[in-house]
Structure formats: structure tokens, C-alpha cells
Amino acid sequence: MFFCVQVYKDPSKGELPLLPEEHVQDSAKDVTYICPFIGPVRGSLSVTNYRLFFRCTDREPVFGLDLPLGVLSRVEKIGAATSRGDVSYGLACKDMRNLRFVHKEPEDSLKKSVFEVLMKFAFPVSNNMSLFAFEYKQVFPENGWKVYDPLAEYKRQGLPNESWRISKVNDHYELCDSYPAALVVPVTITDEELRRVSSFRAKGRIPVLSWIHPESQAAVVRASQPMVGQNGRRCKEDEKLLQAIMDANAQSHKMFIFDARPSVNAAANKMKGGGYESEDAYQNAELVFLDIHNIHVMRESLRKLKEVVYPNIEDSHWLSNLESTHWLEHIKLILAGALRIADKVESGKTSVVVHCSDGWDRTPQLTSLALIMLDSHYRTIRGFQILLEKEWLSFGHRFQQRVGHGDKNHTDADRSPIFLQFIDCVWQMTRQFPAAFEFNEYFLITILDHLYSCLFGTFLCNSEQQRLKEEVPKHTVSLWSFVNSQLEEFVNPLYVGYPSHVLFPTVGIRHLQLWVTYYIRWNPRMRPQEPVHQRYKELLAKRAELQKRVEELQREAANRTASSSSERAGSPTRSITPVQTFV
Amino acid sequence: VCVKKRKKQKFRTFSMHVLTLYMVKVYVSSSEIVVNEANFVRKCIGAESCQDDLWGKLVCTNFKVSFIAHNSLPRQCTHRLLGEHDIPLACVEQVVTVNDVKGKQKILGSNQKLKFNPTELILYCKDFRIIRFRFDEAGPESAKKVCLAIAHYSHPADPQLLFGFEYVGKRYHGSTASHSNMVNGVDPGGGLQTPLFDCSSDWDREIKRTGASEWRVCTINQGYFISPSLPEFFVVPVSLADQDLKQYACCFYSQRIPLWCWNHSSGSALVRMSNISDPQQQRKVEQRISSAITKSHPLRSDVFKSDLDKNLPNIQDIQAALLKLRQICVIDSFEESEEKWLSSLESSRWMEYVRTFLRHAVEVVYMLESRHVSVILLEKEDRDLSCVISCLVQLMCDPHCRSLHSFQGLIQKEWVMAGHRFLDRCNHLKRNDKEESPVFLLFLDCVWQLWNQYPAAFEFTEVYLTVLGDSMWVPVFSTFLFNCPRQRAEHSRDFASSKSIHLGQDQALCFPPVWDWSQQFSLKDQTLFNNPLYVGKIATCVQNGTVKTFTHRRSKVSC
């Protein structure tokens, strides 16, 4: 079965499933899908304003393709029509597959081919139309837009406190248009000083707090690069701000600045006015480079990976081919960087500042992974949603640019799989700590599928300011509405929490794996041969049943104790040890 | 799962009375004897610095190399036979002594002399551990003696010097001669639900279970009079009379009459067969056997011969791959090999071999399942590659085999009873390196691959497979000590008579099989063998192969 992960569908029926406000735009019979795994398949193709739906009825089992148009990065005619009037179309997808169709050109040259309709609806932004997310009007029991409330999240962390305040200086996004409205900064720094700092940091992205350690008060602070330039410019407010961050943590008289870039790249940025903190200007701060490459290197690595895994895998050189993509090496460097940050905060009780160039790609990768290691709250389903909303969405990871929603310009150099890499790193951690995460693998895959689908508003636009301007929360549905309305699909039955534990994953290449169930899921030979998803649900039901039974027995025991003690007043009351079951 | 780094414990100086306080002796039973020991030995923990190193006493017994740390409280140890720092002698692959002042190094065997005083002892272990001890503060003579003792006792001259014999023999002494003399309160038979296939009833049940009505249990090898390497009971086609079998036996390598392994629900049989040594008889005997197998098939289908020697790597190839794998896993420096990890893994060819075996098993499954023909697995001696393939085929086709006890029964049937040379392949006597080969480990890796592809199809876990692999190096179990059932019977008889052990009703010494897990682990720890995702025996055929690394095992690197 080739149905991709879908919102509402019953593949056995094979009928075109339509979402609210979804309309068929065109359909054609006698389209051939050139499947790289089972050969050519003839069937009918429909295009709606949301999806491409292909179905072949004359074979068992029924074969179908059902994909949101959002996953398409390129649709193109390949070569000229054959003598019989057949035309080939190639569809490149953002989710690691390419599709190829053959279709007879309509004889009436005025009539548009179904693929021309497809091109129009696949790239609505390029065609001055709106994304389907703005039309989709499904109502869910929960409103996912309410998942993240910045002030509530900061309150959970114990903020504001005597050292940190919540500043309103960016209330109207005047200080920094890619930052959120609520910023946590040291109490000793005035808003005026923050404004001066903003002119010294790239894109105005000043150092602000992401997370604070509940015991040691060591903080994780994020920023963009300082605009040092070739002349080694300094900014005394910036220096004061970093000193204040260090002073806010009484446990340590030192701090670490993690520059995510390779040192060579960081130095090269001086030519363009950027750079990194000099040791003269920032005393007591130690600068560490994490050697993570830029968005272009990552895009190229994923392109190579796609070549290696799709459509066919060369078995005899699988491992060396995988190695030559360097994908796992990049994953390793990101995880290793996050690990160093978490270790400094947890074991060293030191505050850290993390930045790259603009502070919206490598920086959220590092801070959010470090936060997952440090704070078990972010390993729950809702906590993870909050983490994404906060570190990625509110702090302006440029989702629109990096993914290119509805934009036909597939060669855009701003596209890069930064967020995918982050989710891959999370997956690697779930492998190493199978009981520490409340969510399962399907949750991560669902997030990635809807990163591209444009069905929900969550990953649209580049910043909080843009989302407010476009009134995204008002006009679209949040992915979390969908997820939180059917949580049972996403719960890991092996979850036991470890509430106060810090996770330190092992980051050697030996401990990393290729995420086969994501990257190679279209290859039927590589698919999990027996999905455990159903089994997970059974286990959850079993656990719920046993927990209920424990509660019943406890109640019964309590009643018995109560009645026996009332009968024989004065007899010592037995204490009941609460039983905890983990199935 | 290692959550939260343990705080690094700084080494504290210790005084003599503290030393004696922590002298905790944990010995398996009265059968274990201390051979030699050295004090003030340092066990190296970290590769770069010595700040985590432990000080203590290095002890060599007739069972293990033990290290009793002075200043760390004994950690609660979960293994019943081995402590945290213990290495069974059978697990020691190579004993290397070093004197770094003189720049000398020597690999020690048994009964050897050492001309220098060692400053360091390095033990290379079969389970991929590399363990280092420093003798900087120890007396030079006692250091030398303990090294020589370890080298000597890890090279037993005779199988009966393997610790298992002492271990089992001691049970028959003591208060009563009966079985009431239990070890750790455990019945040596283990109260086992695992069929051992050492009696005809186990085979009868297997015939009945698989519906192999045209097959029967043959008893002509009772007392091992026909073939030295076959079990006393095995299964043959009903159309072959004992008289015929006796006649054919001499044509086969080591008189190994072809063995029935299992029947597919379609009636196709899986049979294993050694080469026919007499070329003149070859065609005739082959034909007779094939036609008998055909007669036992409900559809009278043909027989397909699968030549394993031709299609699979041989035991030396497998051994070479493991050595390379070990090289890149634990011997090469981690930092240097990190970038090339995947391609060096590929070049070890271990994964390729795992894949070859899985793929071959899939082909056999296809013949049995889709082509409805019986399959003969053909291997020269029928004691190595056939064991792997026949087990994999049954695991793939028969959900019954994927429960814990049936899996154990399967190993009992296709490895222990069929005469896989565990003694030689494990090289317990360290006599002939050419015969050493990790065929069983390769099989466990194949199972692990299947387990990964079908996480809900097996009752057991990765922990179980790892522990089973490690148990090969704990030389007290009947499972891994012998080359064939006859060898076990002979050695245990000899041992009993030489030690004047009264066997009572037993015919031979009752070694515990590894399946008696209570010998090694508490019932609570044994729960880690149970896979929570297991769905029971409803899952159908598992086959097709994608290969991953056996990470759990590999991650156990040198300490």
C-alpha cells in the first residue's frame, strides 16, 4: 500500500477523501504512474486544492497514492511528447521521494492537462492564491493555538525572579522583527540598553534567556552573532549584558559562549561585518566553536542522502554510500554541540550563550536539543509542542523560507532541512532513551509530514510578527489541535518519565542510526514489516486497565482499613503503600 | 539506560584496616578454588587518565579472574556467578604482559616462563572487552605469579579441566547423593519447560506439532553405536527402515544419517545432510534418500538440494570477519575511526555475511512455502552452516519458534543435539585457532536482525540475545561445553569415575543447560528477557532482509 500518512482516510475504500473546503479541481483517467518498485501502474488521477490522489483499481491489492500538494517541490514535464502523444511528468517531493507519471496530452490543445492544473495548485504562493491552510475549516475539540503561552511557560521556569525580568521592549516587534514579543533579560539591563545591544547583534537578535536551571540558576541564552566586523567593533552595553547574565548565576564566575559555526566560517563572517566575541571584550567568557556547517552544506548532504536511498539502495555499498553523504556526521555534530551545552549547564552550573550567524537555524537546533536533555517537561507531548512553539516558531526560524511553502522556486538557496535535522536528532535520542519520551515515532513523523502539507497554520510564515500580521491563528487550524484531539495515537507506551533526570546521549557515529522509517519509508522493502503502532495502542489500553485495577484495589484496601479501624478503635492503622505499575 | 552522569569518584587513599574491611569474597561454591592473587593492583578504567582507576586485589581462581576493589563499595551485583569485575577464564582470549620500563611485551600461554616483571597485564576477552591491570604498587613476584596463573588456567589442557566439571561434580558430593544438593537452591534440571530433544518423547511431540505424520523417531544410534556425532534420537522418513539406515550410514561423513529438522504446514520437510564420502555410492544413496523424503510429502513433491558450502561463507571467513569487526570496534582508536566507521564496518564483511545467511534462509523459505517442495540442506559435515540456516528458516516460518522456550528448544535441536562443535568453535581449550569460529554469534546476530524488523514477533528481547551470547563464555553449561552429545556423555562418565562420583540414577553428570537461567540470574532479572511488544504466536511468516548493526553487543566496549 502506498498511501502516505493521512489525516482522514480509509485506504480500503479507496475513494477520494475530501476534507472540509477541499474541492476536486481536475481529474484524468488513463494516467500511468511509473512506480520504481512495482513498475508502471495505470489508474486515475485527481487533483484537489489540497492533494494529489492517484488510484489504480485493476490490481490486487488496490494501489494508491495520496499526498498533500505541499510536499511537492518541483513539477516538470520531462522531454517532448512521444509519437503516441504521451508526455512524462516528474514530481520531486520534499519528503524524500520522486514520482513519475505518463499521461496522454489532451487532443484539444486549448484544454489544460491535469498536470498543468496540478502545477497551479501545488504552488499557490507563486500563483497568487492562498495556501490550503487558510481554507481548511475543520473544528477540533481542542484549540492548539492555546498550547503555548509564553508568560505561563516562563512562570513554570520561575520567571521573572530577582535576576531576570520580562521586558516589553519588543512588544511591537520594533527592537527585532524576528523575535517574540516577550523577552527575558537580566533585571540590571534597561530597555534603552537593550536597544543599543540590538544594533550590535545581527538582525537585532539580542541575547535573551531561553531556559533557566531550577536549582543552579544557570541560564541558556540565545542570540545572533555580534557585529564585530574587521575593525573589531565593541559595544559596551552588549558586554554589560553578558556580564549581567553571568552575574545572575551566583554559582559560577565564568560563562561559555557557544558559537555553532566552524571557527573558519565565524572568522570569515568578520568580512561581512559579523564575527564572534573577542576574549578581550568579554572577560570570564570562554568561546567554543561547535563546527556545525551552514544551511547550504546541510541541503547538499540531504540531497546526497536522497540519491542513496531513493528509489533503490545499492546493498553491497550501503554503508559506505551512507557515509559519503555525511548526514550522520552532521547529526552527530549537532547532538555533540547540544550535549556540551547541557553538560556545562548541568554539571558545570555555568550559564551559556548560544549563537550562530543569525541565530535562527543552528541556534534553535542547539538550544532546543539542550533543553530536551535538561528539562523532562520538553519530553512530554505538550511540552515538546511548547518547545517548538517557543524555540522555533516564536524565535523566528524562517519556516517559510527554509521549506518554501507553496513556492515553485525549488532552487531557492534559502531552502534547507534544518528543522528535519532537529527532529532526526530527537529521534536519535528516543532510540537511546526509549522510556524517557512521552511521544512515539509516529508523532515525530506526523510533525514532519505537516511541516510540508500546508494543512495547518503552525509552520507557516517566518516569524511571530508575520503570523500575527497574516492572522494565522485566526484563519488556520493549529497542528496541535489535530494532534491533541487524538493523543492516543502518539503516546509511547514505554514512557516512564524520569522527571528529574538529565539525559546525556552518546553521540558517537557508532551510536547513531539512519532514521530508516522516515527517510526510506517509501521503499516497500524497507518498511517496518510489522507495524508496532497497533501493538503500542494495545499496551496503552492494557496499562490503563491495570492502573484502574490498582486504584480499585487501593480503594478496597482503604475501605477495609477504615472499617476495621472503626470496629476496633485504637488498633494501629495500617499504612498502604501505593502501588505503581509500569506495563 | 544511563541517565545522569555518575559523579566522578575521586580516588581516596586507603589504610590497611579499610582494606581488610572491604575484602568481600564472593565465590561460586566450594568447587571454586583461589589459585593465586596479588595485592595493590590498579584496574584501569579510563583510557586517558587514571583518575577513575580502582585499587584492589587481583585474584585468579579455577573459574575466573576476579578483581576485588578496595575503596568502592561492592555494587549490587545481579549476576549469580560473576561479580562486576569478574571475567570467566573461558572468556579470556589472550593474556598479554607488558613491562613498559624495559619496553617488553609477551603473550602468555600455559606453562610458560616470564623473564621480566610485568608492570601491566592486558586481557583481551572474547566478548570484546579489553581489561588492563597495572602493577606499579604490587610486589613484582606476586604480579608475575598471578599473570602466569591466569595464563595457565585460561588454557586448560583437557576438557575435564573446564570449570563446569568441578562445578557439577561438587553437587554429587556433599550431604546426600541425590539431587537435593542444589546450587543456589535451584534444581539442576531447571524445572525446565524447554525441550532438550535428548529423549524420543521430545521428538514425538515435535513430529505431532508440525503434522509430520510420515516421519518417525529412529533409535538406532542409542549408545552412539552408529554415528559418533549424531544424537541418540533423531527423526527419519517412515519409509526408511532401520536396516536401510544402518546400511546408508557408512556412506555419509561421520556416519551422519540425514536428519529431519521440521515440517512446513504444507507438508514440505526441512532436512539436513552431510556429504556422501563414498563417490561410488553417491548417486544411489542420494536417490534413495530423496525418494524417501518425497514419499513422506503429502503431495509427493520433489526435493530441492541447497548446497550451503557453495553459497555461504565458510567458518574461516566468518572468523576473519569477526576479528576485523573487533579491530574496528574496540582496538582502533575511537577518534580516528569515527569518520570512517560505516565504511570500515562494511569492509569487515560481517554485515555482508549476516545478510548472506538471512538471504539464503529466505530462499529456502521460498522453496518450502511457495514451491511446496522439501529442502535438503547440504553441508560437508552438517555441523555449522546448516545449524544457522535451519534455525533461521524455522524462525521465519513458524511462529511457535519465536516464543522463549521454543527458541531455546530450537537451539537445543539444531545446535546442541545436531552436534555443533561448541567446544572447538569456542576454542575453550585454545588449542586449535583454525577451528575457532563465531558461527553461533553470527546466528544470534541474524536473529537480532529479524527481531529488529519484527519487534512484536519475538517473545524475547535484545537483552536475552546478548546474555545468551555472553553465556558461551561461562563454562558451566552443557549447552556450550561439548562438540556433540556423545562427547558429553563420555567426558562426564570418565570424570565421574575418576573422581569416584556416585551418579545414582543418572547416566551421566547432570550439567545445567544454559536455559536454566536461575543459575545466572534472579527471577526478577529474568523478566528483562520478556519483550513487552510480543503479540503471541499469531504473527505469520517473517522474512526478507535489511540489516542493521548489532549495536547492543557492540556498545559493550573495553573498560
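Residues numbered from 1 in each chain as written. Chains lettered and ligands numbered in written order. Predicted model: local features only at pLDDT ≥ 70, side-chain atom pairs only at ≥ 80, totals over all residues. Heavy atoms only, no water.

### Observations regarding the packing of helix H13 (residues 404–417) of chain B against helix H15 (residues 439–453) of chain B
Residues and elements named next belong to chain B.
- The interhelical angle for the contact between H13 and H15, taken along N-to-C directions, is 145 degrees, at an axis separation of 14 Å. Considering how the two elements wind past one another, H13 and H15 form a crossing that is right-handed. Between H13 and H15, the contacting residues are Phe-407, Ile-411 and Trp-415 on the first element and Val-439, Phe-440, Phe-443 and Val-447 on the second.
- Its residues assigned to classes, the contact of H13 with H15 shows 7 nonpolar, no polar and no charged. (Axes fitted to C-alpha atoms, helices over the stretch in contact; angles between N-to-C directions. Helix = DSSP H or I, 4+ residues; strand = E, 2+ residues; numbered from the N terminus. Left-handed = near helix turned anticlockwise from the far one by under 90°. Contact = heavy atoms within 4.5 Å. Nonpolar A, V, L, I, M, F, W, Y, C, P; charged D, E, K, R; others polar.)

### So, the confidence of the model for chain A
All names here are of chain A.
- Chain-level pLDDT for chain A is 91 on average; 93% of the residues reach the 70-or-more range.
- Note on residues 1–12: pLDDT is under 50 here. Beyond four places in sequence and across chains, it has 38 contacts.
- Considering only residues more than four positions removed or in separate chains, one finds that residues 569–583, a stretch of pLDDT under 50, has 18 contacts. (pLDDT = per-residue confidence, 0-100.)

### As for unusual backbone geometry
- The omega torsion of the bond from A:Leu159 to A:Pro160 falls at -5 degrees, within 30 degrees of zero and hence cis.
- Topologically, A:Pro160 is positioned in the loop between helix H2 (150–156) and strand E8 (164–167).
- Cis geometry marks the peptide bond from A:Tyr310 to A:Pro311, where omega comes out at -5 degrees.
- Within the secondary structure layout, A:Pro311 lies in the loop between helix H6 (295–309) and helix H7 (318–325).
- The phi torsion at A:His326 lies on the positive side, around 60 degrees, for a residue other than glycine.
- With respect to the helices and strands, the residue A:His326 is situated in the loop between H7 and helix H8 (327–346).
- The backbone of B:Gln255 sits at a positive phi, close to 55 degrees, despite the residue not being glycine.
- With respect to the helices and strands, the residue B:Gln255 is situated in the loop between helix H5 (242–249) and strand E11 (259–263).

### Focus: the packing of aromatic side chains
- Applying the stated criterion across every chain yields a total of 62 aromatic pairs over all chains.
- Look at A:Phe439 and A:Phe443: their rings are 4.9 Å apart centre to centre, the planes differ by 35 degrees, and that puts the pair in the tilted class.
- Judged by relative accessible area, which is 0%, A:Phe443 ranks as buried.
- The interplanar angle of 35 degrees and the centroid separation of 5.6 Å between the aromatic rings of B:Phe67 and B:Phe133 together place this pair among those described as tilted. Here B:Phe67, found in strand E3 (residues 64–69), pairs with B:Phe133, found in strand E8 (residues 130–134); they are 66 residues apart in sequence, far enough to count as distant. Each of the two residues, B:Phe67 as well as B:Phe133, counts as buried. (Phe/Tyr/Trp six-rings, centres within 6.5 Å; stacked < 30°, edge-to-face > 60°. Buried < 20%, exposed > 50% of the residue type's maximum accessible area, 1.4 Å probe, protein only.)

### Describing a positive patch on the surface
- There is a patch of like positive charges on the surface, built from B:Lys102, B:Lys104, B:Lys113 and B:Lys115.
- Mapping B:Lys104 onto the fold places it in strand E6 (residues 104–108). (Patch = residues over 30% accessible without salt bridge, like charges linked within 9 Å, V, L, I, M, F, W, Y side chains within 5 Å. Areas by Shrake-Rupley, 256 points an atom, 1.4 Å probe, with all protein chains shown as cover. Salt bridge = Lys/Arg side-chain N within 4 Å of Asp/Glu carboxyl O. Lys, Arg positive; Asp, Glu negative; His and termini not counted. Charge placed at Lys NZ, Arg CZ, Asp CG, Glu CD.)

### Re the interface of chain A and chain B
- In this assembly, 36 residues from chain A lie in contact with 35 residues from chain B.
- Put simply, chain A and chain B have 4 salt bridges between them.
- Measuring nitrogen to oxygen at the nearest pair gives 3.6 Å for the salt bridge that ties A:Glu323 to B:Lys340.
- Our enumeration of links across chain A and chain B arrives at 12 residue pairs in polar contact (both at pLDDT 80 or more).
- Tallied by class, residues from the side of chain A that touches chain B come to 17 nonpolar, 9 polar and 10 charged. (Polar contact = N/O pair within 3.5 Å; in protein donor to acceptor, adjacent residues only side chain to side chain.)

### Overview of empty space enclosed by the protein
- Applying the stated criterion to the full structure yields 8 cavities of 30 Å³ or more.
- There is about 200 Å³ of room inside the largest cavity.
- If you list the elements that add at least two residues to the lining of the largest cavity, you get helix H8 (315–331), helix H14 (422–426) and H15 of chain B.
- Each residue belonging to the lining of the largest cavity can be placed in one class, and the counts come to 10 nonpolar, 4 polar and 6 charged.
- Looking at the second largest cavity, its volume works out to about 70 Å³.
- What lines the second largest cavity is simply A:Leu322, A:Glu323, A:Thr325, A:His326, A:Trp327, A:Leu328, A:Glu329, A:Ile509, B:Glu338, B:Glu339, B:Trp341 and B:Leu342.
- Listing elements by their share of the lining of the second largest cavity, those giving two or more residues are H7 and H8 of chain A together with helix H10 (341–348) of chain B.
- Looking at the lining of the second largest cavity residue by residue, the classes come out as 6 nonpolar, 2 polar and 4 charged. (1 Å grid on protein atoms, 1.4 Å probe; cavity = no way out; pocket = protein on both sides within 12 Å on 5 of 7 lines; lining within 4 Å. Points joined across faces, edges and corners; volume = space filled by probe spheres on them.)

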